[in-house]
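A closer look at the structure
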Amino acid sequence: MSKLYLEKINKSYRIGETVHAVKGISLSFDECGLVSIIGPSGCGKTTLLNIIGGLDRYDEGNLSVDGNSTKEYSDADWDAYRSSCIGFVFQNYNLIPHLSVLQNVELAMSFSGVGVEEKKRKAEEALRKVGLESMMEKRPNQLSGGQAQRVAIARALVNDPDIILADEPTGALDSGTGLRVMEILKEISKTKLVIMVTHNIDLAKDYSTRMIELLDGEVVADDCLVEDKSTLDKRKSSKKLESKKCFMSPLVAFTLSFQNILMKKSRTFFTALAGGIGIIGVALVLALSGGLSSYMGGMQSDALSGYPITITTELENAPNGTKPDYVRYPDADVLYKDDESEYTTPHTNVLTQEYLDYIADIENVLPGSANAIAYSRGIRLNLINLVPEKRVVDNQFITSNVDKEVGVMGMGSTYMQVMPEHTDFLMAQYDLIGEESRLPSKENEVLLVVDEYNQMDVDFFNKLGISNSINEYKLTDFVGSAIAKVIPNDEFFTEKDGLYPIPDTKDYDRLAESSDGIYLTVVGILRPKANAAGNYFNEGVVCTTALTKWVQSQAETSKVALEQAAVDYDIHTGQPFEDDEARAKQMRRIGVDPMPTSIDIYSVNFNANDMIMLYLDVWNAGKTENEQVVYTNNATTLTSVTGSLISSVYYALIIFACISLAVSGLMIAIITYVSVVERTKEIGILRSIGARKRDITNVFEAEALIIGFIAGAIGIFISAVLIIPINAIILQTAGVANIASLGPVQIILLLLGSMTLTLVAGFIPARLAAKKDPVTALRTLE
Ligand code: ADP
Ligand code: MG
């Protein structure tokens, strides 16, 4: 049985006109011997060889290998056939320039599942056979033509194929080196079938065992040159062809691409730079967005600290019915009369304990949405200063932030404000100034709030009894000292003829000496930060909720409160109340009614503000108008202006990032495509030594990944450098420090993103590369 059997093989090419390259050739080849194919240029020699080697497909006829027809071969079968049964040797060597001699030979084993160690050993052995053991680390372009061809032969031999196909192997060599190559082929032909295409009839006659002459795609002569075939060392064993499932390992794909990239360092650098420019855009957006969103968050929280959602018991202008749908900016020659009372109405909010619980629950239902919830109670805080000769008694109301009832006293008054439980939001707006300044934690500890000039109103000093000619104090004069004493109701109001009158000047000494009471000690001084709105507090004194609780609890059970609750006249004076409202106010002041008069909710941002309003609306759903609790959103104008500003900034950033990504992707797609075109020849070589389409795709995808990584690294590096001046400019213009920054998470994201991008962008070019016809690819001139 012959090794190869060709039966009426036909092959035509249709490019424009039809070229009938091989016309019904029938041939049979033995298991060994050196067969020369001669004939003029264009007669179909290469085509025939490529068909035998499975690089090209025959149109008609049949090719049998070891008696098995190849008619039903799949792509995978052909790949396996090429890789294990065939060794190709080409006229122009077809070595891969960016791999070393050793690597070129090893490459041929990358498609047959050979281990790294064994690959090296076999490649060295093959190179030794062709006398090139000293050249292993050289690059192909450092070799002479004869040496290069011997490397090609070593590569063809390394998988121990049964058939060596050589297409004009000596065509590019001078006669001396040509002979050396022929000697090697002759030696190989003792155990393998060598089919060689040549122009050199003399050489063919000297070395061949058989000579086939082609003309116009047909066999015109077929001569046996060796009579006694028995002298040939016949080998019986023939390898069984198995369709292998093994393929190029990712490591090999990466090595191939990496070596190629190393060969073209500057080209790679510039292409990666091009890709990196797109990444810079994305990196900057990413770097900015973190800082920007926390800045914007801070800005919103800051802005909202002056515009809470307010719920007061008495609301002058609650919405009532629908506001007429006026046309904005009318062109008509008109002037309307606007009467607010037509669509608003005074409304009384009845604040129940249930509602207070509902408000307190905001922290659980919408965690993190409110910076502070402040309650105004209008309860009396009985204060006396500590300077005997300038004794002043003051009846401060404990307020939340700004108590509407004492608002008439204006800025700079010393009424007592309550510090919210969450202080992060305060500390974003205020600095603690002065030595040993700290936040209060107990009922006897208070803060002073000064303005940006470290000023406090003169009224404050008057009330403390320290008004004199001194205009300047030290901060440390206050920090650590007691400034006033809070006196419980039972000490403050003493019974006199069934009434509890407000103490007058002659009672002051008694009050000062009273045993009960809390001495208020300043523990810190707050000043608004330079860039913060800082309008949560007015200048004055800030106490803790611990103090308000103490005041509330002693008042509730005080005699004066219990008495007031029992009678319908003013317990201080014995005079009747002017109206119900005056009585209610008195009840709150004295501590009988613990319900707050107003609640201020400070949202962290506009979004949270909306959510909280929605939550408040839910309470009102299904309730009658009288039962409803109507709130006022003080931030209406603020949200619409700032909110749209913020979203336009974000849109601009996102569009910028998208454009960057698109540019980057396109760059990389073009680069990968150029690389495919450049490496067409390499694709052909890889296919000729058994690479599957999938392997080719892998090689180019690996290259895209490497370039993507480099592009990402370059982009990140340049961005990191750019961030320095960007931050400096923003600090100069907007006064915000370190707004842009790249953390490790962003860096990893960018690298992965860049690699994904290149993988996606390189996908089509890599597919194109795999689709390339190996024969055409090999014909490409380098
Ligand atoms: P030889 O190797 O004997 O010089 P070839 O086998 O290369 O000849 O070519 C035989 C004929 O087939 C030539 O006319 C050539 O132009 C044509 N041919 C070979 N390969 C292709 C191809 N891939 N596309 C179109 N025509 C081809
Ligand atoms: Mg040819």
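As a starting point, this report considers the structure included with it. (Residues numbered from 1 in each chain as written. Chains lettered and ligands numbered in written order. Predicted model: local features only at pLDDT ≥ 70, side-chain atom pairs only at ≥ 80, totals over all residues. Heavy atoms only, no water.)

**Observations regarding the sheet that holds strand β2 (residues 17-29)**
Stated precisely, the cut-off is as follows: Here the rule is simple: two strands pair whenever DSSP picks up at least two bridges between them. Strands are runs of DSSP state E lasting at least 2 residues, helices are runs of H or I lasting at least 4, and numbering of each runs from the N terminus. Residues count as neighbours in contact if any of their non-hydrogen atoms are within 4.5 Å of one another. Think of each axis as a best-fit line through the C-alpha atoms, taken over the contacting stretch in the case of a helix, with angles from 0 to 180 degrees between the N-to-C directions.
Judged by pairing direction, the sheet is antiparallel, and its 4 strands sit side by side in the order β2-β1-β4-β5 without closing on themselves. This sheet does not close on itself; its edge strands, each paired only once, are β2 and β5 (68-69). In terms of strand pairing, strand β1 (residues 4-15) meets β2 through 9 bridges, oriented antiparallel. What sits directly across from Y13, in β2, is V19. Across the sheet, helix α1 (residues 45-52) is in contact with β1, β2 and β4 (60-65); its angle to β1 comes to roughly 120 degrees.

**Points about the state of the cysteines**
Short version of the rule: We call a pair of cysteine sulfur atoms a disulfide whenever their separation is within 2.5 Å.
Applying the stated criterion across every chain, the model contains 0 disulfides. Residue C32 stays outside any disulfide, its sulfur separated by 12 Å from that of C224, the closest cysteine.

**A closer look at the site of ligand 1**
Our working rule: When at least one non-hydrogen atom of a residue lies within 4 Å of a molecule or strand, that residue is treated as near it. Polar contact criterion, stated in full: a pair of N or O atoms within 3.5 Å, where within protein one must be able to donate a hydrogen and the other to accept it, and residues adjacent in sequence count only if both atoms are side-chain atoms. Accessible areas in this description were obtained via Shrake-Rupley with a 1.4 Å probe; residue shielding takes into account the shown protein chains only. Residues are grouped as follows: Ala, Val, Leu, Ile, Met, Phe, Trp, Tyr, Cys and Pro are nonpolar; Asp, Glu, Lys and Arg are charged; every other residue, Gly included, is polar.
Of all residues adjacent to ligand 1, which total 13 residues, the nearest are G42, K45, T46, T47 and R779. Within the backbone of C43, an N or O atom sits 3.2 Å from an oxygen atom of ligand 1. For ligand 1, whose accessible area on its own is 550 Å², the fraction buried by protein is 77%. For the shell around ligand 1, the secondary structure elements donating two or more residues are β1, β2 and α1. If one sorts the elements of the shell around ligand 1 by residue count, α1 sits on top with 3 residues. A per-class count over the shell around ligand 1 returns 6 nonpolar, 5 polar and 2 charged.

**Side note on the environment of V158**
Basically, it comes down to this: For every residue, the accessible area obtained with a 1.4 Å probe (protein chains only) is divided by the maximum for its type, and the residue is called buried under 20%, exposed over 50%, and partly exposed between those limits.
Considering the arrangement of structural elements, one finds V158 in the loop between α5 (145-157) and β7 (163-167). Taking the relative accessible area as the measure of exposure, V158 reaches 6% and is therefore buried. Distance in space between the C-alpha atoms of V158 and D593 is 100 Å, their sequence separation being 435 residues. Sequence-distant contacts of V158, defined by excluding residues within four places in its chain, comprise V105, A108, M109, K122, A123 and A126.

**Things to note about the packing of helix α10 (residues 353-360) against helix α20 (residues 606-620)**
Packed helix pairs are specified by the crossing angle of their axes together with the interaxial distance, meaning the distance between the axes. Put simply, the test is: Orientation labels follow simple angle bins: below 35 degrees gives roughly parallel, above 145 gives roughly antiparallel, 65 to 115 gives roughly perpendicular, and whatever is left gives oblique. Should the near helix be turned anticlockwise from the far one by less than a right angle, the crossing is left-handed, and should it be turned clockwise, the crossing is right-handed.
Taken N-terminus to C-terminus, the directions of α10 and α20 make an angle of 150 degrees; their axes are 11 Å apart at the nearest point. By the angle class used here, α10 and α20 are roughly antiparallel. Taken as a pair, α10 and α20 cross one another with a handedness that is right-handed. Taken together, the residues of α20 that come into contact with α10 (itself represented by E354, Y355, Y358 and I359) are Y615, L616, V618 and W619. Residues that form the contact of α10 with α20 fall into these classes: 7 nonpolar, no polar and 1 charged.

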